[in-house]
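Each chain, letter by letter, is given below.
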Amino acid sequence: MDLDTVRTFVAAADAGQFQEAAAELAVTQQAVSKRIAALERDLGVRLFTRTPRGAELTIDGQAFLPHAQELLRVADRAVASVRTDHRPLRVDVINSRGAASGLLRGFHRAHPGIDLDVVMLFDIETAVAAIRSGAIDASFRAVTAPGRPLPEDIESVRVLDEPLQLLTGPAHALARARSVPLTRLAGHRIWMPGIVPGTEWAAYYDDLVAEFGLTIEATGPNFGSDALLDTIADTPALATFMSEQTRLIWPAGHGLRRIPVTDPTPVYPHSLLWHRDNSHPALATLRAHLAATTARHDATGTWMPGWVIPR
């Protein structure tokens, strides 16, 4: 069923005259008559009867009108769903407690009138595929694995370098330290069950291990942050890395310690990725917000891998 004929029918029904419907639709009266006739042939019924005052709906026309109006409303919603100035900005963050989520919450507070859809995809390859397909508008990601540069149609900008801290239980050998040099962590067991081989965060920690001779273990199932905190609190031999801006709450009895790492401080670089042809107006607003509110990069006394997102 042709939507132009349905729209013409609704306009004629509202106006009560083909001539007024033609003026509203910016077509000729003859075009209106032809469209109505075509719709009547498709439906196999008469929709209007001619009267001295114009055109009146038949019983069949009256029955069809509310459905025709709903059909047009559905069509308009379908169009609006893919128009970038009418749909929410879809942004991927890797988890709800991390720094990227905090950046997006700050954006929402600064621009409450912008609709957001927040999604959580697993790895950078999934995120890039979603950006390229249009499923999302942007993604907060850290780094690509060496040898796997971003596609040429994906743009990126570094938005935050987040310091890592050491998280220990109260009985750990370093629990009373106000800070700990990164090189001093060699020989200590650092447990991070969330590291998945092949991901961008696994590549980051592989470089950290290679550079400073650390021991990072990813053994055992990943039961989430609560289980990780329970284990660290109860196991004096284990510590873990935790990003400075990761929001965590644990029972008071755990006695966990967040200890700054220094000389140098390892920082985890967060970047915003998007498709170069994405025209969503809120994407430009997000990028401007991040440029104005995030900290400077490459701070003195920090370390990050010798590779970043390739351009």
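Now for a quick tour of the structure. Quick caveat: nothing in here was measured; it's all calculated off a predicted structure.

### Focus: the pattern of salt bridges
Here comes step 1: Enumeration according to the criterion identifies 9 salt bridges in this entry.
Here comes step 2: The partner of Arg158 in a salt bridge is Asp161, with the nearest N and O atoms 2.7 Å apart.
Here comes step 3: Accessibility expressed as a relative area gives 12% for Asp161, which makes it buried.
Here comes step 4: Through salt bridges with shared partners, one network takes in Asp92, Arg141 and Glu200.

### Observations regarding the pairing of strand β10 (residues 238–243)
Two faces, one strand: in a regular strand the side chains alternate between the faces of the sheet.
Here comes step 1: Extensive coverage of β10 is indicated by the burial of 6 of its 6 residues.
Here comes step 2: Burial along β10 is two-sided: Leu238, Thr240 and Met242 and Ala239, Phe241 and Ser243, pointing in opposite directions, are all buried.
Here comes step 3: Here strand β6 (residues 154–168) pairs with β10 via 5 bridges, running antiparallel. Across the sheet, the residue bridging to Gln165 is Met242, located in β10.

### Considerations on helix α5 (residues 99–110)
Here comes step 1: If you check α5, its first and last C-alpha atoms are 17 Å apart, about what 12 residues at 1.5 Å a residue would give, namely 16 Å.
Here comes step 2: Along α5, the residues classified as buried are Ala99, Ala100, Ser101, Leu103, Leu104, Gly106 and Phe107.
Here comes step 3: Buried positions along α5 lie against β3 (89–92), β4 (116–119), β5 (138–141), β6, β12 (265–275) and α9 (281–293).

### Considering the packing of α5 against α9
Here comes step 1: Relative to each other, α5 and α9 sit at 110°, their axes nearing to 10 Å. Here α5 is positioned roughly perpendicular relative to α9, judged by the angle of their axes. Across the interface between the two elements, Leu103, Leu104, Gly106, Phe107 and Ala110 from α5 touch Ala282, Thr285, Leu286, His289 and Leu290 from α9.

### So, the packing of helix α1 (residues 3–15) against helix α2 (residues 18–25)
Here comes step 1: Contact geometry of α1 with α2 gives a least axis separation of 8 Å together with a crossing angle of 125°. By the angle between their axes, α1 is oblique relative to α2. Between α1 and α2 the crossing geometry is right-handed. Residue-level contacts link Thr8, Ala11, Ala12 and Ala15 of α1 to Phe18, Glu20, Ala21, Glu24 and Leu25 of α2.
Here comes step 2: Within the contact of α1 with α2, the residues separate by chemical class into 6 nonpolar, 1 polar and 2 charged.

### Digging into unusual backbone geometry
Glycine aside, the phi torsion of most residues is negative, and most peptide linkages are trans.
Here comes step 1: Put simply, Asp263 and Pro264 share a cis peptide bond, and its omega is 0°.
Here comes step 2: Secondary-structure assignment places Pro264 in the loop between β11 (257–262) and β12.
Here comes step 3: Although it is not a glycine, Ala26 adopts a positive phi angle of roughly 60°.
Here comes step 4: With respect to the helices, strands and loops of the structure, Ala26 is situated in the loop between α2 and α3 (29–43).
Here comes step 5: Residue Ala26 is classed as exposed on the basis of its relative accessible area, which comes to 69%.
Here comes step 6: Positioned with a positive phi, Asp263 is a non-glycine residue whose angle comes to about 55°.

Cut-offs and rules
Residues numbered from 1 in each chain as written. Predicted model: local features only at pLDDT ≥ 70, side-chain atom pairs only at ≥ 80, totals over all residues. Heavy atoms only, no water. Salt bridge = Lys/Arg side-chain N within 4 Å of Asp/Glu carboxyl O. Buried < 20%, exposed > 50% of the residue type's maximum accessible area, 1.4 Å probe, protein only. Helix = DSSP H or I, 4+ residues; strand = E, 2+ residues; numbered from the N terminus. Pairing = 2+ DSSP bridges. Expected span 1.5 Å × (residues − 1). Contact = heavy atoms within 4.5 Å. Axes fitted to C-alpha atoms, helices over the stretch in contact; angles between N-to-C directions. Parallel < 35°, antiparallel > 145°, perpendicular 65-115°, else oblique. Left-handed = near helix turned anticlockwise from the far one by under 90°. Nonpolar A, V, L, I, M, F, W, Y, C, P; charged D, E, K, R; others polar.

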